[in-house]
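If you want the building blocks of each chain, they are given just below.
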Amino acid sequence: MRVVLLGAPASGKGTQGQLLSERHGIPKISTGDMLRAAKAAGTPMGLEAARFMNEGKLVPDEVVIGLVAERLEAADCAPGFILDGFPRTVPQAEALDALLASKGMPLSVVVQLDVPRELLLERATLRRTDVRTGQIYHLKYNPPPPDAQLEHRADDREETVNKRLVEYDAMTAALLPYYHERSLLRRVDGVGTMQEITERLGQALGT
Ligand code: AP5
């Protein structure tokens, strides 16, 4: 199973990607997580990427394409993978197609999580992540345990979330016709409980 999860910031890609990864025993590959790890490690690439992320802008295509190309070489990707947050532009999608074609492993399906704008802001600003486990929580909908070591992402402040939403409309929404034309796109209603959305995703993936 080779899946791309598409959706606006805070639409639930990371949450559902993690559940799918556990259910199917295949890795979830999040470019956002990889970039945040590089930033935390203080690598030159991570620090450069942080300048874009803190502004709510996309990191240049060549940086993220390089990260994903390297990650897909790992042995754990052979049985399948879930891409969360990549591709985000048409050039990224074209690079991914070329990479997977060279390996003879085309995408199985691309799922778009549809969530209205007014919910996205609440989901993002009240999100918290456990720095030790990477587990994603929400102060209202999925409260963390008392011993969690919580982090509030730098780009989850309201002003930056609004910029990320503009960037999504400008760049990433173009991927919907791209994948629709290739008969890969499935749309899933992303409003409901996490369990309800997991069930809908299972139907869309035919699992
Ligand atoms: P990235 O980390 O990928 O951010 P994003 O796409 O904006 O997505 P999020 O992580 O914000 O949200 P999500 O959809 O995973 O939602 P989640 O499951 O956490 O990217 C960050 C930045 O890195 C980008 O802005 C860019 O700068 C850069 N970047 C990354 N990839 C790039 C690329 N390919 N090209 C260029 N630049 C790139 O859920 C959100 C919250 O809602 C959580 O609190 C969760 O608990 C809660 N929640 C989830 N589901 C539900 C539900 N059903 N009901 C109620 N609450 C829910």
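Along each chain, residue indices are assigned from 1 in the same order as the chain's sequence is written. Under the rules for a predicted model, residues below a pLDDT of 70 receive no local features and side-chain atom pairs below 80 are neither given nor counted, while totals for whole chains, interfaces and linings still include all residues. Excluding hydrogens and water, the side-chain values take into account all heavy atoms of the structure.

**Q** So what exactly am I meant to see when it comes to the pairing of strand 1 (residues 2-7) here?
**A** A regular strand places its side chains so that they alternate between the two faces of the sheet. Between buried and exposed lies partly exposed: a residue is buried under 20% and exposed over 50% of the maximum accessible area for its type, with that area taken using a 1.4 Å probe on protein chains only. Where helices and strands are cited, they refer to DSSP runs of H or I of at least four residues and of E of at least two residues respectively, numbered from the N terminus. Buried residues dominate strand 1, accounting for 6 of its 6 residues. Burial along strand 1 is two-sided: R2, V4 and L6 facing one way and V3, L5 and G7 facing the other are all buried. Strand pairing is defined by DSSP finding a minimum of two bridges between the two strands. Judged from the 4 bridges that link them, strand 1 and strand 3 (residues 81-84) form a sheet pairing that is parallel. By the bridge assignment for strand 3, L5 is matched with D84. Pairing analysis gives 5 bridges linking strand 1 to strand 4 (residues 109-114), with the strands arranged parallel.

**Q** Even after reading the chapter, I still don't get the environment of G14, so can you show me in this structure?
**A** Mapped onto the fold, G14 is located in helix 1 (residues 13-24). Measuring from C-alpha to C-alpha, the distance between G14 and G56 comes to 18 Å, with 42 residues separating the pair along the chain. For G14, the contacting residues outside a window of four places in its chain are K28, D84 and I136. What makes two residues a contact is simply this: any of their non-hydrogen atoms within 4.5 Å.

**Q** I'm lost on the layout of surface pockets in this one. Help?
**A** Empty space among the atoms becomes visible once a probe the size of a water molecule is rolled across them. Points on a 1 Å grid over protein atoms alone make up a cavity when a 1.4 Å probe fits among them but cannot get out, and a pocket when they form an open set with protein on both sides within 12 Å along at least five of seven lines; lining residues each have an atom within 4 Å of a point. Grid points are joined across faces, edges and corners, and a volume is the space filled by probe spheres set on the points. Here the second largest pocket defines a volume of roughly 150 Å³. Lining the second largest pocket, in full, are R36, K39, A40, M53, N54, E151, H152, R153, A154 and D155. Of the residues contributing to the lining of the second largest pocket, the split by class is 3 nonpolar, 2 polar and 5 charged. Residues were grouped as follows: Ala, Val, Leu, Ile, Met, Phe, Trp, Tyr, Cys and Pro as nonpolar; Asp, Glu, Lys and Arg as charged; and all remaining residues, including Gly, as polar.

Purely geometric numbers; function is a separate question.
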